[in-house]
Amino acid sequence: MARPTISVITPVHPGRIHNGLFAECLQSVHAQTLLPDAHCVAIDNDGEGAAPTRQRALMMARTDWVCFLDSDDLFKPKHIRQMLNCALEREADFVYSWFNILQDFGGGQRRVLDEDPIFPMTHYLNPWDPENPIETTITTFVRTELAQSVGFQKLDRGEHNSGEDRFFTLGCQAAGGKIEHLVRKTWLWRHREVNGVRSNTSGLPTKGDAMEAQR
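Residues numbered from 1 in each chain as written. Predicted model: local features only at pLDDT ≥ 70, side-chain atom pairs only at ≥ 80, totals over all residues. Heavy atoms only, no water.

## Topic: the overall build of the protein chain
Basically, it comes down to this: Helix and strand labels come from DSSP, where a helix needs a run of H or I of at least four residues and a strand needs a run of E of at least two; each type is numbered from the N terminus. The classification of residues rests on relative accessible area computed with a 1.4 Å probe and restricted to protein chains. Under 20% of the type maximum is buried, over 50% is exposed, and intermediate values are partly exposed.
Along the backbone of the protein chain there are seven helices and nine strands. A buried classification covers 52% of the 215 residues belonging to the protein chain.

As structure tokens, then:
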């Protein structure tokens, strides 16, 4: 039996093309031990924000599965293989794993952190509980038909426009999707430190992190 086909889905702001973040993202996709069949990329030239740009990229997919990756984050080399194996072994429709923080300090200084300063440890260790759905990220592995039926919509939350990933996860569960948690850290979530303040590099649709992520 042929293996299922897979597309990586990436929305990107022009700022992340100019400052090199997207190039690193692409390199992590090309370094996969199981290469995807397609990489669907949509560029946010009009400042729409992540949700509608991700939706455009998602609707390009013609594969069995989609694997989401934001343009400032990185896959570890076995990410796609491990996500697919988990989906097939557990007969899942939606798989999420966990991450290490890739901390950018500016000036080319960075460090991979073992601790997770964002979510409690239980989020990483515990299985998905449909009765108590936790906050996850958008770096998920989903059946294309399910993902496209739920989709992403722009939220009226100002410049950051955050939260569409949670609505997507809850929408997939409401649509009958079986969600499974792979208890492994298979990707890198990029954060920055500016003037001693740490934050992630997501949610800046008008800047593309070009000012904050110093090279």
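## A closer look at helix α7 (residues 164-174)
Put simply, the rule is: Directions drawn from the helix axis to the C-beta atoms are what define this arc.
Glu164, Asp165, Phe168, Thr169 and Cys172 are the residues of α7 that are buried. Looking straight down α7, one finds that the buried residues subtend no more than 145° of arc, so they occupy a single side. Phi turns positive, to about 95°, at Gly176, one or two residues after α7.

## Focus on the pattern of salt bridges
Defined as follows: Any carboxyl oxygen of Asp or Glu that lies within 4 Å of a side-chain nitrogen of Lys or Arg is treated as forming a salt bridge with it.
Throughout the structure, instances matching the rule amount to 13 salt bridges. Residue Arg56 pairs with Glu48 through a salt bridge whose shortest N-O separation is 3.6 Å. Arg56 gets classed as partly exposed once you look at its relative accessible area, which sits at 37%. The salt bridge involving Arg54 is made with Glu164; its shortest N-O contact spans 3.0 Å. Pair noted here: Arg54 is in helix α3 (residues 50-58) and Glu164 is in helix α7, with a separation of 110 residues, a long-range link. The pair Arg54 / Glu164 is uniform in exposure class, with both members buried. Linked by salt bridges that have partners in common, Glu24, Asp104, Arg110 and Arg190 make up one network.

## Some points on unusual backbone geometry
The phi angle at Glu91 is positive, at roughly 55°, despite the residue not being glycine. Tracing the chain through its elements places Glu91 in the loop between α4 (79-90) and β5 (94-106). Judged by relative accessible area, which is 62%, Glu91 ranks as exposed.

## Considering the side chain of His123
Note the following rule: Here a residue-residue contact requires only that any non-hydrogen atoms of the pair lie within 4.5 Å.
Assignment of secondary structure puts His123 in helix α5 (residues 121-125). Its relative accessible area of 15% is what places His123 among the buried residues. Here His123 is in contact with Trp98, Ile134, Glu135 and His181, once residues within four sequence places are set aside.

## Describing the packing of aromatic side chains
To be explicit about the condition: Ring pairs are drawn from Phe, Tyr and Trp, using the six-membered ring of Trp, whenever the two centres fall within 6.5 Å, and their geometry is named by plane angle: stacked under 30 degrees, edge-to-face over 60, tilted for the rest. When the NZ atom of lysine or the CZ atom of arginine is within 6 Å of a ring's centre and also within 35 degrees of its normal, the charge is said to sit over that ring.
Scanning the model with the defined rule gives 14 aromatic pairs in all. Measuring from centroid to centroid gives 5.5 Å for Phe68 and Phe152, while their planes differ by 80°, and the two rings are edge-to-face. Note that Phe68 is positioned in strand β3 (residues 65-68) and Phe152 in the loop between α6 (144-150) and α7, a separation of 84 residues in sequence. Residue classification places Phe152 among the buried residues on the basis of a relative accessible area of 8%. Following the ring pairs from residue to residue traces out a cluster consisting of Tyr96, Trp98, Phe99, Phe119, Trp128, Trp187 and Trp189. Seen from the ring of Phe152, Arg54 lies directly overhead, with NZ or CZ sitting 5.2 Å from the centre. The ring of Tyr124 has Lys185 sitting right over it, with the charged end atom 5.0 Å from the ring centre.

## Focus on the nonpolar core
Convention followed: As used in this record, nonpolar core signifies buried Ala, Val, Leu, Ile, Met, Phe, Trp, Tyr and Cys residues forming a set joined through side-chain atoms within 4.5 Å.
Core analysis: the largest hydrophobic core is formed by 49 residues, its most contacted members being Phe68, Phe141, Val142 and Phe168. The element contributing the most residues to this core is β5, with six residues. If sequence neighbours within four positions are ignored, Phe68 has contacts with Ile9, Arg54, Leu58, Phe75, Ile138, Thr139, Thr140, Val142, Ala147, Phe152 and Phe168.

## Regarding the environment of Val183
Summarising the element assignment, Val183 is placed in strand β8 (residues 179-194). Using a relative accessible area of 36% as the deciding quantity, one classes Val183 as partly exposed. Once the C-alpha coordinates of Val183 and Leu125 are considered, the two residues, 58 residues apart in sequence, prove to be 6.2 Å apart. Excluding residues within four positions of it along the chain, Val183 makes contact with Tyr124 and Leu125.

## Some remarks on the environment of Ala57
When you line up the elements, Ala57 lands in helix α3. In this structure the C-alpha to C-alpha distance between Ala57 and Ala42, which are 15 residues apart in sequence, comes to 5.0 Å. Residues contacting Ala57, with those up to four places away along its chain left out, are Ile9, Thr10, Cys40, Val41 and Ala42.

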